[in-house]
Amino acid sequence: MSSEPGQAPAPPGGSRARRLRASADRAAGAAGVGVAAAAVAIALGELVSAFTGPAGAPALAVGSAAIDLTPTPLKEYAVRTFGTNDKPVLLGGIYLTLTALAVLAGLIAVRRPRAGAVLFAVFGGVGAWAAMSRSTAGVSYLLPSLTAGLGGAAVLVLLAGRYRRALPTGPAAAPDAAPVPGDGPEPGDAPAPVRPARRQFLIATGGTVALAAAVGYAGRSLSQSRNDISAARLAVRIPPPARAATALPAAAHPGIPGLSPFVTPNADFYRVDTALTLPKIDPDRWSLRIHGLVDRPLLISFDELLRLPLEELDHTMSCVSNEVGGPYVGTTRWLGAALPALLRSAGVRAGADQLVGRSQDGMSIGTPLESVLDGRRALLAVAMNGEALPVAHGFPCRTVVPGFYGYTSATKWLTDLEVTTFARYDPYWVRRGWDRTGAVRTASRIEVPAGFARIPAGTVTVAGTAWATHRGIAAVEVRVDDGPWAEATLAADAGPDLWRQWSWDWPGARPGTHTIQVRATDTTGAVQPEARAAPFPGGSTGWHSTVVTVV
């Protein structure tokens, strides 16, 4: 800006600062074009998926495909680091990545609109591919991502055109000649009016984002209402069991403050699965097909399942991803139909050795068939702790087979059971390198005192839980600072399919920092191994330890 008589001269470096601000202003406008187009794309995908099924929404489809393609070590890292928050973290990462790509598309589109539109079309294509990669996908799963890609590309081109018309032209466009739109005034400058084209661009961009937010919210709300099964679940009347479980002994839980309850409330029961959106299954439309190497294939409705003799089963279930001392284990009272009886009524053929369960979302889980038929209480569960299964835990039906981790025994949202062989079919987790059998390893953990607790000197109560599902716990030992092992007091034994709680009084605890360790022995006489092993490929091993400070 030149100086006039009576005006202060432009400050040194002012032209450079104006150029930098002008570049930043233009980049922000271009980025806004991309972000607004991405907002429209996401909103359209949500709206269309309300009619085609929520699993086809672009972000969920890409997230599900990412889970399937993620290497096993990275999956284990995610579970170990983020726990049950791994899915929100994944979706957050997807949205952040989409935002970054949208900014890039906006920067490209303001110069080459067609190139930016192609980039958005590619986004839609990736989403469509991800949706169709699911084993349960239908042709309708293509629509949300394709609509999102095309709609986002169209909005990108339109907003990019408005952006170019909003740019200053002629001599005023030169940064050294006059302030750019949004530049701060120099001394003596008159206030720069906002150009009409720029105002129109800002209104169009802001209005697009606002409209996209409204459409996205409406789409999400419509999807939730169309797929809401809460009323149908509450309407289910679970019949009384034909074979009730015996009452759990009161002495099974020592009643020590801080120790886990013996029976885990449904709200606190762990959830580890690959479903980014919970399958919502109307029980009136649900059916279970039993087929494969059987003489008489069966098709059972939910009403027919409830009319079968139902059995109660108290059972401790654990996840193979559980680290030593980890939280992914819980005990509940299940109610369901006897799975062995149904398989025998179907007539299992000679040579079959695997039972594959498939869920509504395409997950496949394989269980050794001989273990289902060896006399253990395997169930098609319909209830959990006296109420219909929560949606997060498999409503309306799931399998429960004692003795195995969930990844080889617990198919949630069950819709299909195939009697087959291990040679013929590898289930989902086996294809990713996990152990084929998945038998539960002996485990124990210290729950009281908590890790890094500060406790008074004297006699200290140490307590925790141990489990070796379908074998049972025979002994638990505790030691302090690599000293001699001391036998803990076991709570009452409620059965081999349940965990067992224990306690030990540590006498004469002296001030200082101490390490407490625990190990368990199952009823076969096998002692829990000391060597630490990660969960992959067949479950973690090692003695749990905790550090406390005695004051």
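For the structure itself, look to the data block above.
Residues numbered from 1 in each chain as written. Predicted model: local features only at pLDDT ≥ 70, side-chain atom pairs only at ≥ 80, totals over all residues. Heavy atoms only, no water.

S.K.: Can you help me understand a nonpolar patch on the surface in this one?
M.R.: There is a patch of nonpolar side chains on the surface, built from Leu 69, Val 118, Val 122, Val 126 and Trp 129 and spanning about 500 Å² of accessible area. Here the element with the most residues in the nonpolar patch is helix H5 (residues 113-132); it accounts for 4 residues. Turning to its location among the elements, Trp 129 is positioned in helix H5. (Patch = residues over 30% accessible without salt bridge, like charges linked within 9 Å, V, L, I, M, F, W, Y side chains within 5 Å. Areas by Shrake-Rupley, 256 points an atom, 1.4 Å probe, with all protein chains shown as cover. Salt bridge = Lys/Arg side-chain N within 4 Å of Asp/Glu carboxyl O. Helix = DSSP H or I, 4+ residues; strand = E, 2+ residues; numbered from the N terminus.)

S.K.: How should the packing of aromatic side chains be read in this particular structure?
M.R.: Aromatic ring pairs: the centre-centre distance and the angle between the two ring planes describe each pair. All told, the structure shown has 13 aromatic pairs when counted by the stated rule. For the ring pair Trp 286 and Phe 302, a centre distance of 5.9 Å and an interplane angle of 90° mean the geometry is edge-to-face. Of this pair, Trp 286 sits in the loop between helix H8 (230-235) and strand E1 (287-292) while Phe 302 sits in helix H9 (residues 302-307), and the two are 16 residues apart along the sequence. With relative accessibility at 4%, the residue Trp 286 sits in the buried group. Residues Tyr 407 and Trp 434 carry aromatic rings whose centres are separated by 5.8 Å and whose planes lie at 55° to one another, so their mutual orientation is tilted. Residue Tyr 407 is located in the loop between strand E9 (398-400) and strand E10 (414-420), and its partner Trp 434 is located in the loop between E10 and strand E11 (443-448); the two are separated by 27 residues in the primary sequence. Assigned by exposure class, Tyr 407 and Trp 434 land together as buried. Among the aromatic side chains, those forming a connected cluster through ring pairs are Tyr 407, Tyr 428, Trp 429, Trp 434 and Phe 536. (Phe/Tyr/Trp six-rings, centres within 6.5 Å; stacked < 30°, edge-to-face > 60°. Buried < 20%, exposed > 50% of the residue type's maximum accessible area, 1.4 Å probe, protein only.)

S.K.: Please explain the pairing of E1 as it appears in this structure.
M.R.: For a regular strand, side-chain orientation follows a simple rule: the groups alternate between the two sheet faces. Pairing between E1 and strand E2 (residues 298-301): 4 bridges, direction antiparallel. Each bridged residue has a counterpart across the sheet, and for Ser 287 the counterpart in E2 is Ser 301. Connecting the antiparallel pair E1 and E2 is a turn made up of 5 residues. Bridge count between E1 and E10: 4 bridges; the pairing is parallel. When the bridges of E10 are listed, Ile 290 appears paired with Leu 417. (Pairing = 2+ DSSP bridges.)

S.K.: Looking at this structure, how should I read the sheet that holds strand E14 (residues 473-480)?
M.R.: Within a sheet, each strand pairs with its neighbour through backbone hydrogen bonds, oriented either parallel or antiparallel. Across the sheet, which stays open at both edges, the 5 strands sit in the order E12-E19-E18-E14-E15 with mixed pairing between neighbours. Of all the strands in the sheet, the pair left with one neighbour each is strand E12 (454-455) and strand E15 (486-487). Summarising the sheet, E14 and E15 pair through 2 bridges and their orientation is antiparallel. Within E15, the position partnered with Glu 477 by the bridge is Glu 487.

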